[in-house]
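Listed here are the chains, written in short residue letters.
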Amino acid sequence: MLVNTKTLALSAALALAACTHPADVSRPLTEVADKNAHFMIKDTAAGFSVEVRYSRYQFVPETSALMTACRQLATARAYDEAKRRGREIEQINEQSVRVSTGRNIIKARTACRAFAEAKLKR
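Q: So what's going on with the pattern of salt bridges? Which residues, and what values?
A: Counted by the stated rule, this structure contains seven salt bridges. Here Glu81 makes a salt bridge to Arg85, at a shortest N to O gap of 2.9 Å. One end of the pair, Glu81, and the other, Arg85, are both in helix 2 (residues 63-85), four residues apart, so they sit about a helical turn from each other. Judged by its relative accessible area of 31%, Arg85 falls in the partly exposed class. It is possible to trace a salt-bridge network through shared partners that takes in Asp43, Arg77, Glu81, Arg84 and Arg85.

See below:
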């Protein structure tokens with residue numbers, strides 16, 4: 001009986017620890033929307049640049065999925081910033097977004113950095 005109680009308690013604790021909630025997608029991308037993503041916007045002569053630092057826990061590393069997410073975050077943030085400024089930008093080709101990844105095996109976190117340049121339409 002004691003073993004069953006311990007198993008039940010452990011199962012309940014694991015179930016609660018696995019619960020997460022999705023990021024708020026109703027607002028423009030900011031650090032508030034996703035606590036795992038940090039954005040930096042810098043003005044350039046032709047428009048602005050977007051740098052994204054993103055990391056998340058991955059028990060089994062999925063670097064390609066993280067690279068895709070990082071590229072999409074950089075691109076989406078650029079379009080949100082252009083909208084905020086009331087300007088249009090030239091289309092950003094996701095293949096032109098520079099991305100690098102890394103892994104912290106101690107914390108089981110995979111991280112990426114992405115950099116995209118947004119050129120304002122004239």
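Q: Quick one: what's the story with the pairing of strand 2 (residues 47-57), residue by residue and with numbers?
A: Pairing geometry for strand 1 (residues 37-43) and strand 2, over seven bridges, is antiparallel. Residue pairing for strand 2: Met40 is matched across the bridge by Glu51. The loop that links strand 1 with its antiparallel partner strand 2 comprises three residues. As paired elements, strand 2 and strand 4 (residues 109-119) share eleven bridges and run antiparallel to each other. Along strand 4, the bridge assignment pairs Phe48 with Ala118.

Q: How would you sum up the nonpolar core? Please name residues and give values.
A: Ranked by size, the top nonpolar core spans 21 residues in total, and within it Phe48, Val52, Tyr54, Ala78 and Ile89 carry the most contacts. Listed by contribution, the elements that provide at least two residues to this core are strand 1, strand 2, helix 2 and strand 4. Ranked by residues supplied to this core, first place goes to helix 2 with seven residues.

Q: Account for the state of the cysteines, with residues named and values stated.
A: Under the criterion given, the structure shown has one disulfide. Residue pairing for Cys70: its cysteine sulfur links by disulfide to Cys112, the two sulfurs lying 2.1 Å apart. Between Cys70 and Cys112 the disulfide shows an S-S torsion of about 105 degrees. By sign, it is right-handed. Taken as a pair, Cys70 in helix 2 and Cys112 in strand 4 lie far apart in primary sequence, 42 residues in all.

Q: Any chance you could break down the environment of Met67 for me, citing the residues and the numbers?
A: Along the chain, Met67 turns up in helix 2. Met67 sits in the partly exposed class, given a relative accessible area of 23%. Separated by 13 residues in the primary sequence, Met67 and Tyr54 have C-alpha atoms spaced 9.6 Å apart. When neighbours within four sequence positions are excluded, Met67 is seen to be in contact with Val99 and Thr101.

Q: Could you give an account of the sheet that holds strand 1, naming the residues involved and the relevant values?
A: The strand order across the open sheet built from four strands is 1-2-4-3, with neighbouring strands paired in antiparallel fashion. In this open sheet, the two edge strands, each paired with only one partner strand, are strand 1 and strand 3 (98-104). The mean inter-strand angle of the sheet, taken between neighbouring strand axes irrespective of direction, is 15 degrees. Two elements, strand 3 and strand 4, share seven bridges in a ladder whose sense is antiparallel. Its bridge partner lying in strand 4, Thr101 is registered against Cys112. Along the sheet, helix 2 makes contact with strand 1, strand 2, strand 3 and strand 4, crossing strand 2 at roughly 140 degrees.

Cut-offs used in this document
Residues numbered from 1 in each chain as written. Predicted model: local features only at pLDDT ≥ 70, side-chain atom pairs only at ≥ 80, totals over all residues. Heavy atoms only, no water. Salt bridge = Lys/Arg side-chain N within 4 Å of Asp/Glu carboxyl O. Helix = DSSP H or I, 4+ residues; strand = E, 2+ residues; numbered from the N terminus. Buried < 20%, exposed > 50% of the residue type's maximum accessible area, 1.4 Å probe, protein only. Pairing = 2+ DSSP bridges. Core = buried A, V, L, I, M, F, W, Y, C linked by side-chain atoms within 4.5 Å. Disulfide = S-S within 2.5 Å. Contact = heavy atoms within 4.5 Å. Axes fitted to C-alpha atoms, helices over the stretch in contact; angles between N-to-C directions.

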